Amino acid sequence: METVFTPFASFGGGLLIGLGAVLLMLGLGRVFGATGILSGAVFAESRAELTWRMALILGMMLAPGLLFLITGTMPAITVPVSPVMIVIGGVIVGLGASLGSGCTSGHGVCGLSRLSLRSLVAVPTFMTTAAITVFLIRHVVGG
Amino acid sequence: MKHLFACLTGLVFGTGIAISGMMDPAKVLNFFDIAGAWDLSLMFVMGGALIITSLGYRLVWRRAAPLFEQSFQLPTSTALDARLIGGAALFGIGWGIAGFCPGAAIPALGTGRWEVALFLVSVTGGFYLRRLLSPALAKTAT
């Protein structure tokens, strides 16, 4: 299925993503890694560990509603995979991101801009395996 | 104040995710589908975010401390080990299967789509699986 090339919206959204990450560093001194924020909330060992993460997650979840109020439409979500694939992919994402200590936001945005050597290794690794996975699913198995 | 700031920070990040197209699995999977319906948009997301963080982090680090905490808490590990590379490799495979990643799915939950909730519950299941597989590592902060 074709999707529309959106360089300007994507670049503008990227600027805001970066701004959110910088604001979290300014306010709380933390990197904006979604995996660390989510797992830190799930496995929080103290109330202090939990509450700022819940506030951050709540703010993230309010974003589509804010956009709906401004533009009158919800952000587009087209899910081209089956529920089984969502579950399998989700479990592997959770396992891999916690083992590798980061995902797209933690390694990809925060880590690369800090010039973390671990992120400089992790990002090309997960970009490559994601591309291979999509190729195998769409053009080998499904093709 | 700290929590209100955290909430607004999340809102800025989430709005960026929503505008950028990152929360649309069709777009994410097409970014990786170089041999098919390739959509390069997400390269621009990464570019925009990195410009801001690369400059902004360095400005913020001129301060002695963040606004609401005593000190900056940056990741300290430097190990390029099997856990990092294997974990990253697995993460990419899962991302390529589902089309969602955690940073996109959390804001996407606000659309009320059940697929997003299913994905995030599965991700949390993956967190627990990691704890089951490696009890010795379970105390390590991620």
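- Under an unreviewed UniProt entry, the name given to chain B is Membrane protein, and the source organism is Roseobacter cerasinus.

- You can read under Subcellular location (unreviewed entry) in the UniProt record for chain A the words "Cell inner membrane".
- Per its UniProt entry, chain A bears the Sequence similarities (unreviewed entry) comment "Belongs to the TsuA/YedE (TC 9.B.102) family."

### With respect to helix α3 (residues 41–60) of chain B
- Its 20 residues place the ends of α3 of chain B 29 Å apart at the C-alpha level, agreeing with the 28 Å of an ideal helix rising 1.5 Å per residue.
- All of the buried residues in α3 of chain B are S41, L42, V45, M46, G48, A49, L50, T53, G56, Y57 and V60 of chain B.
- Those residues of α3 of chain B that are buried are in contact with α1 (7–28), α5 (104–113) and α6 (117–141) of chain A together with α1 (2–20) and α2 (25–32) of chain B.

### Some words on the interface of chain B and chain A
- In this complex, chain B contributes 108 residues to the contact, which on the side of chain A involves 103 residues.
- Considering only the surface of chain B that becomes buried against chain A, F13, Y57 and F127 of chain B emerge as the three largest contributors, covering 8% of it.
- Here chain B is connected to chain A by 1 salt bridge.
- Two residues, D33 of chain B and R138 of chain A, come together in a salt bridge whose shortest N-O distance is 2.9 Å.

Basis of the calculations
- Residues numbered from 1 in each chain as written.
- Chains lettered and ligands numbered in written order.
- Predicted model: local features only at pLDDT ≥ 70, side-chain atom pairs only at ≥ 80, totals over all residues.
- Heavy atoms only, no water.
- UniProt positions renumbered as here; feature names shortened; annotations may be inferred.
- Helix = DSSP H or I, 4+ residues; strand = E, 2+ residues; numbered from the N terminus.
- Expected span 1.5 Å × (residues − 1).
- Buried < 20%, exposed > 50% of the residue type's maximum accessible area, 1.4 Å probe, protein only.
- Contact = heavy atoms within 4.5 Å.
- Buried area = accessible area lost by both parts, 1.4 Å probe.
- Salt bridge = Lys/Arg side-chain N within 4 Å of Asp/Glu carboxyl O.

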